[in-house]
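# Residue-level structural notes
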Amino acid sequence: MALDAICLQAVVAEVAPQVQGLKIEKIQQPTRDQVILLLRGNRRLLLCASPSQPRLNLTALLRDNPSQPPMFCMLLRKHLSGGRILSMEQAPLERVVTLRIEAVNEMGEMGTFSLILEAVGRHSNLILCDSEGRILDCLRRVDFEMSRQRQVLPGLFYHLPPRQEKQSPVDMEETMFRALMQEAGPEVQADKFLLDTFTALSPLWARELAYRAGGSTDCRLGRAQRLWEVFSAWQARVRQGEFRPTVIERGGKPADFTFDSVLQYENAGEMRTCESFSAMLDDFFREREQADRVRQKGQDLLKTATNARDRLCRKLAMQGREYEKTQDRDHLRICGELITANLYRMGRGMRTLEAENYYEEGCPRVTIPLDVRLSPQENAAKYFKQYNKAKTAEKMLSQLMAQGREELTYLESVVQEIGQAESEQDFADIRLELTEGGYIRGRGKKQPGFQRKSEPRRFRTDSGLLVLVGRSNRQNDKLTAKTAEKTDLWLHTQKIHGSHVILCTRGAEPDEQSILQAAKLAAYFSQGRGSGKVAVDYTPVKYVKKPAGSRPGMVVYTTYRTVLVEPEEDLPRRLAIK
C-alpha cells in the first residue's frame with residue numbers, strides 16, 4: 001500500500017526525535033528516487049520519492065551507489081553536507097514532510113535549508129529550498145505543460161500541493177458526522193462514505209472502520225449504526241499517537257502494512273507487530289526494491305537473455321522435428337535396394353515400382369515412387385543419397401542439439417542471476433558476461449568512472465564458519481576454481497540453476513549445523529527460492545572440475561552427498577556479514 005498521511009504521522013513521530021540535532025556526514029543517491037542522509041551515530045535516513053513506494057524511515061539496508069553521483073545528489077552535497085538537522089515536521093494530515101537543515105551557504109554564512117519530501121503517489125517529489133522558500137532544485141521538475149495548477153521549478157517559491165476539499169477526520173465532531181451520514185443516505189457503502197468525506201483516510205482503514213461498525217467491509221450506512229462509536233475510538237487513538245507498526249501477511253509473505261492491527265481479513269491474513277516503523281518499512285519494501293532494481297537496471301539484460309533463450313527453444317524444437325524425420329531413414333535404403341534388385345524389369349519413364357519387400361516377413365508387395373526423368377539406376381542412387389544424407393543429419397543434429405541444450409542451461413542460469421542481482425556491479429558483471437558470450441554487441445570504449453570490484457556475498461554461520469556465495473557465472477568460476485581451498489565444501493542445488501556456495505572449513509570437519517545453513521543459502525540463491533524442499537549437493541572442492549571449453553559457471557562433480565532443505569527468507573539477513 002502507499003504510505004497514507006496517518007501512517008506517515010506515526011513514522012515522523014518515531015524518527016524525528018532520533019535525527020534532530022544530528023550532523024549530516026554524507027549524502028548518497030543510490031537510485032533515481034532515493035536519497036540517503038548518513039548521520040552522525042551511524043544512522044541512515046532514507047527519503048524515497050518513488051511513484052510506487054514513497055516513504056521516509058531510518059534504514060538498516062545497505063545500498064550500492066552509482067559510479068557517478070547524479071546531479072541532484074551533487075547539489076544536495078554542495079548545500080547540505082556538514083549541516084545539522086534542526087527539525088522534521090509534517091504538514092497536518094498531508095503526506096508532506098519538511099526537514100529543516102542548518103548549513104553553510106554560498107556566502108560562507110550559516111543558513112537554513114528545507115528538504116521537502118512529497119510522498120503523494122505518482123506525483124512524489126523531493127525538493128530543496130533555501131531560507132526564503134525558493135526552490136533550488138528537485139528530483140522531478142514540473143512545468144506549466146505538465147501541470148497548470150502548480151509548477152515545481154528552480155527559482156519559484158515553494159507551495160504545498162493543492163489540498164483535497166474534504167473534512168478532517170481528527171477534528172470531526174459527532175453532530176457533524178451524523179449530519180454527513182444522513183446527507184449521504186442509508187444505501188451508500190460505509191467505506192465509500194468515509195473515503196469521499198474525509199482526507200488522510202486510506203482505503204484500508206475505511207474498510208476496517210466499516211467492518212468494525214457493520215460486520216462486513218461492504219456494509220451500507222443503514223446497517224453501520226455503530227460507525228460513529230468506531231470512528232471516534234479510532235480518532236482518539238490517532239490524536240493520542242497510539243500507533244503500532246503492523247505488517248499484514250498472507251501466505252507467509254507481507255501483503256500490506258499499517259499503524260494498528262486490523263480485523264477485516266479474519267483468517268485470511270495474519271498480523272505481525274514490528275519493533276519500529278523504520279524496521280517495518282525496511283522489511284516490507286526489501287523485496288519490492290529488489291524487483292524494481294531488476295526492472296530498472298536489468299530490464300535490457302533480461303530482455304536480451306530471455307529473447308536468446310526463447311529463440312534457442314524454437315531452434316531446438318525445429319531440430320527435434322528434423323531429428324525425428326531421420327529416424328525413418330531405413331525406408332530410403334530399402335527402396336534403393338529393391339530398385340537395384342529389380343533393374344531387369346524396369347525401364348526409363350516408370351512412375352512407380354511394385355515389388356516384393358524381402359526385408360519383411362511374408363514379403364509383402366510395396367509401391368515405390370520413381371522420378372520419370374531418371375533412369376532406374378539413377379532412381380536407386382537417389383534413394384541411397386537421401387539415406388546417407390539422413391544418416392549424416394542424425395549425427396550432426398545430435399551434436400547441435402547437445403550444444404543447444406547446454407547453451408539453454410547457461411541462458412536459464414543467466415536469467416536466474418539477473419532476477420537475484422542486487423547491486424550495480426552485479427548488473428555490470430552480467431552485462432560483461434553476455435558481451436563476451438556474443439549476446440550483446442560491445443560498446444567500444446569502456447565507460448569512465450570508478451567501478452567497485454565485485455565481491456561474492458559473505459555470510460557467517462552460527463558456528464563461525466565463513467560462507468561465500470557467487471553473484472554471477474563468472475564469479476562462480478572464480479570462487480570455485482581460485483578462491484576456495486581444496487578442503488572447503490562446495491554446495492549447489494541439484495538439477496536446478498543457482499549460485500556456487502563455498503563453506504570455508506579451514507581444513508577441519510564442518511559441523512552439521514553449518515552444512516545445513518550453507519545448504520539453505522544455496523537453496524535461497526537459486527531457482528528453488530520459492531519452493532518447499534530443495535535438494536542440495538555438497539562435496540569437497542577437490543572433486544569439482546570445470547570441463548575445458550565449457551560455458552561460465554558450468555562444472556562437473558563427483559563423490560557428493562545430498563541434503564534436503566527449505567529456503568528461509570530470514571536466514572541470509574541474519575547470517576550476512578555487514
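Everything below is about the structure printed above this text.
Here's a quick rundown of the structure.

Cut-off values and rules
Residues numbered from 1 in each chain as written. Predicted model: local features only at pLDDT ≥ 70, side-chain atom pairs only at ≥ 80, totals over all residues. Heavy atoms only, no water. Helix = DSSP H or I, 4+ residues; strand = E, 2+ residues; numbered from the N terminus. Rg over C-alpha atoms; globule rule 2.2 N^0.38 Å. Areas by Shrake-Rupley, 256 points an atom, 1.4 Å probe, with all protein chains shown as cover. Lys, Arg positive; Asp, Glu negative; His and termini not counted. Charge placed at Lys NZ, Arg CZ, Asp CG, Glu CD. Phe/Tyr/Trp six-rings, centres within 6.5 Å; stacked < 30°, edge-to-face > 60°. Buried < 20%, exposed > 50% of the residue type's maximum accessible area, 1.4 Å probe, protein only. Pairing = 2+ DSSP bridges. Axes fitted to C-alpha atoms, helices over the stretch in contact; angles between N-to-C directions. Core = buried A, V, L, I, M, F, W, Y, C linked by side-chain atoms within 4.5 Å. Contact = heavy atoms within 4.5 Å.

Turning our eyes to something else, we now look at the overall build of the chain. Helices and strands together make up the secondary structure of the chain, namely 14 helices and 22 strands. A globule of 578 residues ought to have a C-alpha radius of gyration of about 25 Å, yet the chain, at 34 Å, is considerably larger. Across its three principal directions, the C-alpha atoms of the chain cover 115 × 65 × 55 Å. Taken as a whole, the chain presents about 30500 Å² of accessible surface, with 49% of it coming from carbon and sulfur. For the chain, the separation between the mean place of its 87 positive charges and that of its 76 negative charges on side chains is 6 Å.

A word on the packing of aromatic side chains. Within this structure, the stated rule accounts for 19 aromatic pairs. Aromatic side chains Phe257 and Phe285 sit 5.8 Å apart centroid to centroid with 70° between the ring planes, which places their arrangement in the edge-to-face category. A residue pair is termed long-range when its members are at least 10 positions apart, and Phe257 in strand β11 (residues 253-258) and Phe285 in helix α7 (residues 277-297) qualify at 28 residues. Ring geometry for Trp490 and Tyr557: centres 4.8 Å apart, planes at 50°, overall tilted. Of this pair, Trp490 sits in strand β17 (residues 489-493) while Tyr557 sits in strand β21 (residues 556-557); the two residues are 67 residues apart in sequence, bridging distant segments of the chain. Of the residues examined, Trp490 reaches a relative accessible area of 1% and is grouped as buried.

Here the focus is the sheet that holds strand β2 (residues 34-39). Adjacent strands of a sheet form backbone hydrogen bonds with each other and so pair up, either parallel or antiparallel. Strand order in the open sheet formed by four strands is β1-β2-β3-β4, with antiparallel pairing between adjacent strands. What marks the edges here is a single partner per strand, and that holds for β1 (24-31) and β4 (55-58). Taken pair by pair, the neighbouring strands of this sheet meet at an average axis angle of 15°, ignoring direction. By the bridge criterion, four bridges tie strand β3 (residues 43-48) to β4 in an arrangement that is antiparallel.

Core analysis: the biggest nonpolar cluster contains 78 residues, and Leu37, Leu45, Met88, Leu115, Phe177 and Leu194 have the highest contact counts within it. Of all the elements, helix α1 (residues 5-19) adds the most residues to this core, at 10 residues. In contact with Leu115, not counting residues within four places along its chain, are Leu37, Leu47, Leu76, Leu80, Val97, Thr98, Leu99, Ile101, Leu126, Ile127 and Leu128. Formed by 23 residues, the second largest nonpolar core is a distinct cluster that contains Val467, Val501, Ala522 and Phe525.

This part is about the sheet that holds strand β12 (residues 270-273). The three strands are arranged β11-β10-β12 in an open sheet whose pairing can be described as antiparallel. Looking at the sheet topology across the chains shown, the edges are occupied by β11 and β12. Looking at each pair of strands side by side, their axes are set apart by 35° on average, direction ignored. Where strand β10 (residues 246-250) lies against β12, four bridges are found, and the strand directions are antiparallel. Bridge pairing links Glu249 to Glu270 in β12. Along the sheet, α7 makes contact with β10, β11 and β12, crossing β11 at roughly 140°.

Looking now at the pairing of strand β8 (residues 125-129). Among the five residues in β8, five count as buried, and that is most of the element. Along β8, one buried face is formed by Asn125, Ile127 and Cys129 and the opposite face, lined by Leu126 and Leu128, is buried too. Sheet topology note: the strand β7 (residues 110-118)/β8 ladder contains five bridges and is antiparallel. Across the sheet, residue Leu115 finds its bridge partner in β8, namely Leu128. Between the antiparallel neighbours β7 and β8 lie six residues, among them Gly121 with a positive phi of about 65°. Alignment of β8 against strand β9 (residues 135-138), held across three bridges, turns out to be antiparallel. Within β9, the position partnered with Leu128 by the bridge is Asp137. Linking β8 back to β9 in an antiparallel pair, the connection comprises five residues, with Gly133 at a positive phi of about 85°.

Two strands pair when backbone bridges link them, and strand β5 (residues 84-90) and strand β6 (residues 96-104) are joined in this way by six bridges, in the antiparallel orientation. Note that in β6 the partner of Arg84 across the bridge is Glu102. What sits between the antiparallel neighbours β5 and β6 is a turn of five residues, in which Leu93 has the positive phi angle 55°.

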